[in-house]
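Residue-level structural notes
If you want the building blocks of each chain, they are given just below.
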4 protein chains.
Amino acid sequence: MINIALVGYGYWGPNLARNIDACPLTTLHTVCDLNPSAEARVKNFHPNARFVTDFAAMLADDSIDAVVLATPVSSHAPLAIAAFQAGKHVLVEKPLSESSEAAAKVVDASKAAGKVLLVDHTFCYQGATRKVKEFIDSGRLGKLFYFDSERVNLGLFQSDVSVLWDLAVHDLSILSLWHDELPTTISCTGAAHLEGHPVNMCHMNMKYPSGFTADISVNWLSPVKLRRILLGGSNNMVLFDDLDPVEKIKIYDRGVTMPESESSGNAGPLAYRRTGDVWMPQFSLAEALQEEIKHFAACIEGREAPTTSGEMALTLVRQLEAADESMRQGGAPVQL
Amino acid sequence: MINIALVGYGYWGPNLARNIDACPLTTLHTVCDLNPSAEARVKNFHPNARFVTDFAAMLADDSIDAVVLATPVSSHAPLAIAAFQAGKHVLVEKPLSESSEAAAKVVDASKAAGKVLLVDHTFCYQGATRKVKEFIDSGRLGKLFYFDSERVNLGLFQSDVSVLWDLAVHDLSILSLWHDELPTTISCTGAAHLEGHPVNMCHMNMKYPSGFTADISVNWLSPVKLRRILLGGSNNMVLFDDLDPVEKIKIYDRGVTMPESESSGNAGPLAYRRTGDVWMPQFSLAEALQEEIKHFAACIEGREAPTTSGEMALTLVRQLEAADESMRQGGAPVQL
Amino acid sequence: MINIALVGYGYWGPNLARNIDACPLTTLHTVCDLNPSAEARVKNFHPNARFVTDFAAMLADDSIDAVVLATPVSSHAPLAIAAFQAGKHVLVEKPLSESSEAAAKVVDASKAAGKVLLVDHTFCYQGATRKVKEFIDSGRLGKLFYFDSERVNLGLFQSDVSVLWDLAVHDLSILSLWHDELPTTISCTGAAHLEGHPVNMCHMNMKYPSGFTADISVNWLSPVKLRRILLGGSNNMVLFDDLDPVEKIKIYDRGVTMPESESSGNAGPLAYRRTGDVWMPQFSLAEALQEEIKHFAACIEGREAPTTSGEMALTLVRQLEAADESMRQGGAPVQL
Amino acid sequence: MINIALVGYGYWGPNLARNIDACPLTTLHTVCDLNPSAEARVKNFHPNARFVTDFAAMLADDSIDAVVLATPVSSHAPLAIAAFQAGKHVLVEKPLSESSEAAAKVVDASKAAGKVLLVDHTFCYQGATRKVKEFIDSGRLGKLFYFDSERVNLGLFQSDVSVLWDLAVHDLSILSLWHDELPTTISCTGAAHLEGHPVNMCHMNMKYPSGFTADISVNWLSPVKLRRILLGGSNNMVLFDDLDPVEKIKIYDRGVTMPESESSGNAGPLAYRRTGDVWMPQFSLAEALQEEIKHFAACIEGREAPTTSGEMALTLVRQLEAADESMRQGGAPVQL
């Protein structure tokens, strides 16, 4: 049994606590929160967990194997590094850090300590996204052409984080799960329509060496909620609609066909549309966070390698930074 | 009765012919096509129309009041200029021309001749887009924040025109109808996923002096067809879904509210989400092309001023050129 | 080439004329309408067809091989019988007649003359309904449980025909195509919500010897338009949504599973839900009416046997009569 | 503070417990379950509630003001009557009883004791159904024509209850909330497609003195889940789609218009379709069960009269019994 200390019992912490509790491989040993008033809520739902407020003292407890960080982003790096130095495994909420420089230090600390670093990019543990990954890995999409996502709604404006770091990070993590290639150029345009508030609407474009392209649109000021990703390939295409409770994944046997011979002179080759059946595969309905906690345990036990590893999470932070840089330059493309 | 000569009886020409025939103010006097084999089809559907193949000779016929051009884009400018010089009014298919230089010459020729120039941006004559315009003009949207459109499907690849000139031109025309301001910067990223073919996927961003922004996404390689525009304002927001046969327009009483006083210190002001009723107004189901032909007749008779005028169409050609220029520069913003 | 005379050039006649014209196996030889004013419209669209107003005289013309009747329902039987007596093949609009007695006489006349009788149940020639039939015939649905359809909209009230004969006839024809069994009992409840008008809303139930059941709901006073059929089987189930332009057919690998052994005592066996993939097959987009005309020609040439034969159409008239009888009895079941 | 004893901690009980806990007017004083193993679950979530297994002994506790019954249907009547005799108020899960005879006795016991009887028809406390009721009460629907509902899905087969008592009871309760008139005739057809199992598919029709009609379709063997009610009136119509997370209620300014004068002779009057705007009002998103518990408390305190009273619930049981009787008679109409 792996003893886990959860740090931060605010908005997301209780979900982590519940899943640590429910996982047969882990025990919610300790909950740490700076605010003593959290104790009552912790005790109500997790009477067997110890409650503490002193993070440093807690790290000294040898019975704790791993630390889960659900604290503000700016604290991720220092707390994670301290935990690694105390010999703990670490699961940290997304994004790994607010800068790639700090994120890289966390990755280094993980390696120096020889301990597991996992980042809570929950969408990578969803049954639906994993089913799409299986399909991609089967090769049946053909040559991968593009990823095009839309994640918009009437959202809460956050005081310190833009819509990019709040929402686009999810699309970037799914993209990273599905497509194993690094972009070379990132462009991003954004707008802050409300004075004194962060950017509330972004369109991000990434170009890849293979010709693959990725576009991500996020918006906090949309009257409707959309969670939609198109993945285009030469043989098949995927529509992933995360708001559809049942028909989340549609795989279209659609694409283009090139004529076999090219005897004709100066005219470019013609491409023909091809439309076939549509297939909506079943996928696991298991809670993504539960799958993630199980995976964290398996990594600690050495049975699996981290899916949402520190390296992967660092890559996403670099992409977000490049997008911010592009916005500062009015949308100019930034090389990675 | 206005006598009209239609030039070009290919894909779009028959639709124009039918609507010229049906309009009580116009007569389909002549159809001109370089290909003599078109005559049989013309005679079958329009037995009273004369068929000719010689455009120049036709222009000499004084009984013809106006010329409608449904010919390839590259021929628009020379044919329209010749028609103006012969003292005809001109309705020309979109886009007005393949270059802003040529388009400007057509506008000049129209002015020199004192004849009407109308461009066939059909979406501007749709009951639904005009109903939205009414709502915008009423001021109830509040401050206009953004226009965000998506026009994707599994489309025919065209040999000489990119998806930008094929599809985005429609969004630009609707945007022009709805929002009376010129952009100062245009960025556009695009990809040609099939070798030897034009760009099949674009994301275009436009920035305006008022803070308004416009984003347009077009794609010929999407497994699903989408025709969707979001228009965001501070008081209300609009969803225009052109594929919904009935519920094309939804007006959301949604937005953000700013707290009245700003006594707090360094923290930015908070914005609150506000959600209210949704309203789907009725709109005219009249065929857009018929409305356009009626409007053309009314402009010739001096009763109305062109909605999709040469100046407006020239503006759109300039925006498409700037987007092409941005794509050539890898997505860098281009000043207008 | 089969020479066809179309009788009746009102609402539906022009569609038939266009498809007879377009079919390479048939010629629109003559159009007959009692109203001489129809001639101008006929000549405009079908300059090569002869126009007549005298049905009896027309039948004497030996160059006419077949007659297509698009006249009011009450005239179907007498006109069809006269045509058979004159040695013509007959395609008659649905329903075959307003009474099963008259319909039976038409079937008899067809047999006596040895000529083809086809009834215009157009839905039986749609690519989508035929694709579902293929799937049913493959046996993969398992045991067929039920047919449940809904055909509602804000419709035109007709002065002489109830919603049952106007709309339910379509569902009955699709049901007849898909399921080859005759019902033994029919119940029908209906309501005429507007005084002085026919029944505008009906729910019809049919029971079959095999345990199969069919339910049909039709309504002229619905604010929304629905065209939806569920077909339930033990292994798979079908959703046919005729309003979806693309995803008309969904085949669900869903059903119930019975446990293998039944060792338990008095408790009934448990059934388990089973959910698997969903499949949306491609289907032919050919116009149903064109397929029907081709089929009519093939029947005349002896290459095919009528799908929507007189016998099949007579069966549907009997079902509609039984439903009317049940409504007169307040919804009581009527034996067939 | 009202002290409540919850009886039955199975499937639905925990939801009631949570809402009793959350309501500021009530305290979850005691949980009673025959099965001692329920105690651990109760203690985990409600450490302050007492757990008992002896119902009769519990009734003797004077500190308990009210009893909430979440036990099998067959136990509702005896337990409720005992509770009334002990001077408690009672909230009982739906349906009130499995027979109208027993249900009537519960109503009588409530009256004899002078205590509140409320039945847990939760849908009557939903923000959306209450918003529709407001609209109906405003009179803007005009004359009410019909209620037509569909509640289908791939459901769990229950061993002792048919789909009618499981699902149709919800539609009947909403209908009762919206339309204050009693039906005079009920017809119901049903089918048990799986041998040894209860009826899994029903269509129920009810006729009312005013000409109003109600149709309810329920099905446990549908591949898709539908929760849809149409409510037709002469001036406006309502679509209530309970599965739509946002656009649950659509009010259509649609109907029929009768011509003013009727000078014409034998022809029936014509009705014209009328289509106007559609309106989707905001409604309360409060949890229905919480509203119900608050209402129960308000009834106990004498501030409100029961919405889902014993009399109302008894009416629904009578309608279900009549539907069962109609099914036994093959669908014949049954007088109420």
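Residues numbered from 1 in each chain as written. Chains lettered and ligands numbered in written order. Predicted model: local features only at pLDDT ≥ 70, side-chain atom pairs only at ≥ 80, totals over all residues. Heavy atoms only, no water.

1. Some details on the overall build of chain A
How we decide: Helix and strand assignments come from DSSP, with helices taken as H or I runs of at least 4 residues and strands as E runs of at least 2, each series counted from the N terminus. A simple rule labels every residue: compare its accessible area, found with a 1.4 Å probe on the protein chains alone, to the largest value its type can have, and call it buried under 20%, exposed over 50%, or partly exposed in between.
What chain A contains, in helices and strands, is nine helices and 15 strands. Structurally, chain A occupies a C-alpha span of about 75 × 45 × 40 Å along its principal axes. Across the 336 residues of chain A, 60% fall into the buried class.

2. Digging into the sheet that holds strand β6 (residues 117-120) of chain A
All names here are of chain A. Worth spelling out the cut-off: Two strands form a pair only when DSSP identifies at least two bridges running between them. Between the N-to-C directions of two axes lies an angle of 0 to 180 degrees, each axis being a line fitted to C-alpha atoms and, for a helix, fitted only over the stretch in contact.
Spatially, β3-β2-β1-β4-β5-β6 is the arrangement adopted by the six strands of the open sheet, whose pairing is parallel. Bordering the open sheet on either side are β3 (50-52) and β6, each of which pairs with just one other strand. Pairwise comparison of adjacent strand axes, ignoring direction, gives a mean angle of 25° for this sheet. Relative to strand β2 (residues 26-32), strand β1 (residues 2-7) is paired through six bridges, and the arrangement is parallel. Across the sheet, residue Ile2 finds its bridge partner in β2, namely Thr26.

3. Concerning the environment of Ala214 of chain C
All names here are of chain C. Here Ala214 lies in strand β10 (residues 213-219). By relative accessible area, Ala214 is classed as buried at 1%. When the C-alpha positions of Ala214 and Asp171 are compared, they lie 9.9 Å apart, and in sequence the two are 43 residues distant.

4. Considerations on the sheet that holds strand β6 (residues 117-120) of chain D
Residues and elements named next belong to chain D. The following threshold applies: The contact definition used throughout considers only heavy atoms, calling two residues in contact when any of these lie within 4.5 Å.
Reading across from one edge, β3-β2-β1-β4-β5-β6 is the order of the six strands in this open sheet, with parallel pairing throughout. Only two strands of the sheet have a single partner each, and these edge strands are β3 (50-52) and β6. On average, each strand axis in the sheet is inclined to that of its neighbour by 25°, with strand direction left out of account. Bridge count between strand β1 (residues 2-7) and strand β4 (residues 66-69): four bridges; the pairing is parallel. Within β4, the residue paired with Val7 across the bridge is Leu69. Against the sheet, helix α2 (residues 38-45) makes contact with β2 (26-32) and β3, and its axis sits at roughly 170° relative to β3, the strand it touches most.

5. A closer look at the interface of chain A and chain B
Where interface size is given, it is often the accessible area lost as the parts come together that is meant. The cut-off we apply is this: Accessible area that two parts lose when put together, with a 1.4 Å probe and added across both, is what the buried area reports. A carboxyl oxygen of Asp or Glu within 4 Å of a side-chain nitrogen of Lys or Arg is what we treat as a salt bridge. Within 3.5 Å is the distance limit for a polar contact, defined as a pair of N or O atoms, with the added protein rule that one can donate a hydrogen and the other accept it, and that residues adjacent in sequence qualify only through two side-chain atoms. Three categories are distinguished: nonpolar for Ala, Val, Leu, Ile, Met, Phe, Trp, Tyr, Cys and Pro, charged for Asp, Glu, Lys and Arg, and polar for the others, with Gly belonging to the last.
The interface of chain A with chain B comprises 52 residues on the first partner and 52 residues on the second. Surface buried jointly by chain A and chain B totals about 4,200 Å² across both partners, of which 64% is contributed by carbon and sulfur atoms. When the buried area of chain A at its contact with chain B is split by residue, Leu154, Pro223 and Arg273 of chain A rank highest and sum to 15% of it. Taken together, chain A and chain B are joined by two salt bridges. Glu150 of chain B is paired through a salt bridge with Arg228 of chain A; the nearest N and O atoms lie 2.3 Å apart. At the boundary of chain A with chain B, the tally comes to 18 residue pairs in polar contact (both at pLDDT 80 or more). Of all the elements in the fold, those that place two or more residues in the side of chain A that touches chain B are β7 (144-154), β8 (185-191), β9 (201-207), β10 (213-219), β11 (221-233), β12 (237-241), β13 (249-257) and β14 (272-280) of chain A. If you tally residues by element for the side of chain A that touches chain B, the top one is β11 of chain A, at seven residues. Each residue belonging to the side of chain A that touches chain B can be placed in one class, and the counts come to 23 nonpolar, 20 polar and nine charged.

6. Describing the relation of the copies chain A and chain B
Selection rule: To superpose the copies, least squares is applied to the C-alpha atoms of every residue with a pLDDT of at least 70 in both.
Between chain A and chain B, the superposition needs a rotation of 180° and an axial shift of 0.0 Å, giving an RMSD of 0.0 Å. On the angle and the small slide along the axis, the relation comes out as a two-fold axis. In terms of C-alpha distance to the rotation axis, chain A has Ala332 of chain A as its closest residue, with the C-alpha 2.2 Å off the axis. Taken as a fraction of all interface residues of chain A, those also at the interface in chain B reach 100%, which identifies the copy contact as same-surface.

7. Considering helix α9 (residues 310-328) of chain C
All names here are of chain C. The condition is simple: Each residue after the first adds 1.5 Å to the expected span of a helix.
Look at α9: 27 Å from first C-alpha to last across 19 residues, which is about the 27 Å you get at 1.5 Å a residue. If you check which residues of α9 are buried, you get Gly310, Met312, Ala313, Leu314, Leu316, Val317, Gln319, Leu320, Ala322, Ala323, Ser326 and Met327. For α9, the elements touching its buried residues are α5 (100-113), β6 (117-120), α7 (163-178), β8 (185-191), β9 (201-207) and β15 (334-335). Two residues or fewer past α9, Gly330 is found with a positive phi of approximately 75°.

8. A short note on the domain arrangement of chain A
Residues and elements named next belong to chain A. Test applied: Domain start and stop positions are those given by an automatic or database domain assignment.
Structurally, chain A comprises domain 1 (2-121 + 289-306) and domain 2 (124-285 + 317-335). Computed from C-alpha coordinates alone, the two centres of domain 1 and domain 2 are separated by 30 Å. Counting residues at the interface gives 13 residues for domain 1 and 10 residues for domain 2. Sorting the residues of domain 1 by area buried against domain 2 places Lys94, Ser100 and His121 first, and these three jointly supply 49% of that buried surface. Our count for the domain 1 to domain 2 interface comes out at zero salt bridges. For the pair domain 1 and domain 2, the number of links is two residue pairs in polar contact (both at pLDDT 80 or more). Counting only elements with at least two residues in the side of domain 1 that touches domain 2, the list comes to α5 (100-113) and α8 (288-300). The element that contributes the greatest number of residues to the side of domain 1 that touches domain 2 is α8, accounting for three residues. Among the residues making up the side of domain 1 that touches domain 2, the classes are represented as three nonpolar, five polar and five charged.

9. Quick word on the packing of aromatic side chains
Basically, it comes down to this: Stacked, edge-to-face and tilted labels apply to pairs of Phe, Tyr and Trp rings (six-membered ring for Trp) whose centres lie within 6.5 Å, assigned for plane angles under 30 degrees, over 60, and everything in between, in that order. Charge-over-ring contacts are defined here by two conditions on Lys NZ or Arg CZ: a distance within 6 Å of the ring centre and an angle within 35 degrees of the ring normal.
Across all of its chains, the model carries 20 aromatic pairs over all chains by this definition. Aromatic side chains Tyr11 of chain C and Trp12 of chain C sit 6.4 Å apart centroid to centroid with 35° between the ring planes, which places their arrangement in the tilted category. For Tyr11 of chain C, a relative accessible area of 75% corresponds to the exposed category. Over the ring of Phe123 of chain D we find Arg151 of chain D, and its NZ or CZ is 4.8 Å from the ring centre.

10. So, the pattern of salt bridges
With the rule as written, the count across this model stands at 56 salt bridges over all chains. Note that Lys248 of chain A is salt-bridged to Asp242 of chain A, the shortest N-O span being 3.3 Å. Of the residues examined, Lys248 of chain A reaches a relative accessible area of 13% and is grouped as buried. Connected via shared salt-bridge partners are Glu150 and Arg228 of chain A together with Glu150 and Arg228 of chain B.

11. Details of unusual backbone geometry
Put simply, Lys94 of chain B and Pro95 of chain B share a cis peptide bond, and its omega is -10°. Within the secondary structure, Pro95 of chain B sits in the loop between β5 (89-93) and α5 (100-113).

12. Observations concerning the pairing of strand β12 (residues 237-241) of chain C
Residues and elements named next belong to chain C. Counted residue by residue, β12 has four buried out of five residues, so it is predominantly covered. With five bridges connecting them, strand β11 (residues 221-233) and β12 associate as antiparallel partners. Among the inter-strand pairings, Leu231 is bridged to a residue of β12, identified as Val238. Taken together, β11 and the strand that follows it, β12, pair antiparallel across an intervening segment of three residues.

13. Some thoughts on the packing of helix α6 (residues 127-137) of chain B against helix α7 (residues 163-178) of chain B
All names here are of chain B. Heads up, the condition is: Here is the rule for handedness: rotate from the far helix to the near one, and if that takes an anticlockwise turn smaller than a right angle the crossing is left-handed, while a clockwise turn gives right-handed.
The geometry of α6 relative to α7 is characterised by a closest axis approach of 9 Å and an angle of 35° between their N-to-C directions. Read as a crossing pair, α6 and α7 show a hand that is right-handed. In contact with Thr129, Arg130, Val132, Lys133 and Ile136 of α6, α7 contributes Ile174, Leu177 and Trp178. Each residue belonging to the contact of α6 with α7 can be placed in one class, and the counts come to five nonpolar, one polar and two charged.

14. What about the state of the cysteines?
Residue and element names in this part refer to chain A. Using the following cut-off: Two cysteine sulfur atoms form a disulfide, by the criterion used here, when they sit within 2.5 Å.
Counted under the stated rule, the structure contains zero disulfides over all chains. Here Cys202 stays free of any disulfide, with the sulfur of Cys188 as its closest cysteine sulfur at 4.3 Å. Judged by its relative accessible area of 0%, Cys202 falls in the buried class.

15. Observations concerning helix α8 (residues 288-300) of chain D
All names here are of chain D. Here α8 spans 18 Å end to end across 13 residues, near enough to the 18 Å set by a 1.5 Å rise per residue. When you tally the buried positions in α8, you get 11 out of 13 residues, the bulk of the element. Of all the residues in α8, the buried ones are Ala288, Leu289, Gln290, Glu292, Ile293, His295, Phe296, Ala297, Ala298, Cys299 and Ile300. Those residues of α8 hidden inside the fold are in contact with β1, α1 (13-22), β2, β4, β5 (89-93) and β6. Positive phi appears at Gly302, one or two residues downstream of α8, with a value of about 80°.

16. Here we look at the pairing of β1 of chain D
Residues and elements named next belong to chain D. Convention followed: For the handedness criterion, the strands are oriented away from the viewer, and a crossover whose path from the first strand over the helix to the second runs clockwise is classed as right-handed.
With six of six residues buried, β1 lies mostly within the body of the structure. Of the two faces of β1, the one holding Ile2, Ile4 and Leu6 and the one holding Asn3, Ala5 and Val7 are both buried throughout. After leaving β1, the chain enters α1 and then returns to the sheet as β2, a path that is right-handed.

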